[in-house]
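# Summary of structural features
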Amino acid sequence: IRPANTPKVWCNCSAISSAMKQIGFDQLPTDVLVSYLAGYAKVCAVATDMGDSQINNLGMKKTFEIYRVLRTRGMEAQALLGKLLQDDDPSVRMAGALPALEFAPEEAERVLEQIAATEQRFVGLNAEMLLENWRKGTLQFPWSKKRRGN
């Protein structure tokens, strides 16, 4: 049941979660993976804002699985992830900025700074904390065992 006055994306959370449990991400084209990543970012943002940790956790798990696959796809994936940095939705920009810290750190930092400065929702706080940990060198990428600088 969808709570009153919730964004349309909320209606799709359960359907997306059920369908995505069956997909092997490594077999999907890179552009499709990046599209799924953007969709998961939106779902996770709504779930977080609504306090639904179950949907958010599932979405983040799938997001990190997608990041792991994209990381093996080289320049094509980097170019497509870079396009997410210009998306209208701040949660999608943040989904592009996290992996971009590895290959375009200056641009990723700029995007995260802008999100942290302008967004009042959880996505703004998340961007602020992500930047703080990145700059301290303590950020552990969720798809990697290594910390920045290790």
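So, here's what we can say about the structure.

With that settled, consider the overall build of the protein. Counting its secondary structure elements, the protein contains seven helices and zero strands. Shown N-terminal to C-terminal, the secondary structure of the protein runs as helices and strands in the order α-α-α-α-α-α-α. Here the protein, with 150 residues, has 42% of them falling under the buried criterion. Surface accessibility of the protein: about 8,400 Å² in total, with carbon and sulfur atoms responsible for 51%.

This next bit is on the packing of helix H4 (residues 74–84) against helix H5 (residues 90–103). Look at H4 against H5: their axes get within 7 Å of each other, and the N-to-C directions meet at 140°. Classified by the interaxial angle, the pair formed by H4 and H5 is oblique. For the element pair H4 and H5, the recorded crossing hand is left-handed. Facing Gln78, Leu81 and Leu84 of H4, the residues of H5 in contact are Val92, Arg93, Gly96, Pro99 and Phe103. Of the residues that constitute the contact of H4 with H5, the class distribution is five nonpolar, two polar and one charged.

The next point concerns the side chain of Arg93. Mapped onto the secondary structure, Arg93 falls in helix H5. Within the buried core, Arg93 has no salt-bridge partner, and the shortest N-O distance to an opposite charge, that of Glu119, equals 4.8 Å. What Arg93 contacts, discounting residues up to four positions off in sequence, is Leu84, Leu85, Gln86, Asp87, Asp88, Val111, Gln114 and Ile115.

Right, let's get into the packing of aromatic side chains. Evaluated as defined, the whole model comprises two aromatic pairs. Ring centres of Trp134 and Phe141 lie 6.2 Å apart, and the angle between their planes is 65°; this geometry places the pair in the edge-to-face category. Taken as a pair, Trp134 and Phe141 share a single burial class, namely buried.

The next thing to look at is the pattern of salt bridges. On inspection of all chains with the given rule, the structure shows seven salt bridges. The closest approach of N and O atoms between Lys62 and Glu65, which form a salt bridge, is 3.7 Å. Here Glu65 and Lys62 lie together in helix H3 (residues 53–71), a separation of three residues that amounts to about one turn. The partner of Arg110 in a salt bridge is Glu107, and the shortest N-O contact between them spans 3.7 Å. In this pair, Arg110 and Glu107 are both assigned in helix H6 (residues 105–118), three residues apart and thus about one turn of the helix distant. Residue classification places Glu107 among the partly exposed residues on the basis of a relative accessible area of 31%. When salt bridges with common partners are traced through the structure, they connect Glu109, Glu113 and Arg135 into a single cluster.

Quick notes on the rules
- Residues numbered from 1 in each chain as written.
- Predicted model: local features only at pLDDT ≥ 70, side-chain atom pairs only at ≥ 80, totals over all residues.
- Heavy atoms only, no water.
- Helix = DSSP H or I, 4+ residues; strand = E, 2+ residues; numbered from the N terminus.
- Buried < 20%, exposed > 50% of the residue type's maximum accessible area, 1.4 Å probe, protein only.
- Areas by Shrake-Rupley, 256 points an atom, 1.4 Å probe, with all protein chains shown as cover.
- Axes fitted to C-alpha atoms, helices over the stretch in contact; angles between N-to-C directions.
- Parallel < 35°, antiparallel > 145°, perpendicular 65-115°, else oblique.
- Left-handed = near helix turned anticlockwise from the far one by under 90°.
- Contact = heavy atoms within 4.5 Å.
- Nonpolar A, V, L, I, M, F, W, Y, C, P; charged D, E, K, R; others polar.
- Lys, Arg positive; Asp, Glu negative; His and termini not counted.
- Salt bridge = Lys/Arg side-chain N within 4 Å of Asp/Glu carboxyl O.
- Phe/Tyr/Trp six-rings, centres within 6.5 Å; stacked < 30°, edge-to-face > 60°.

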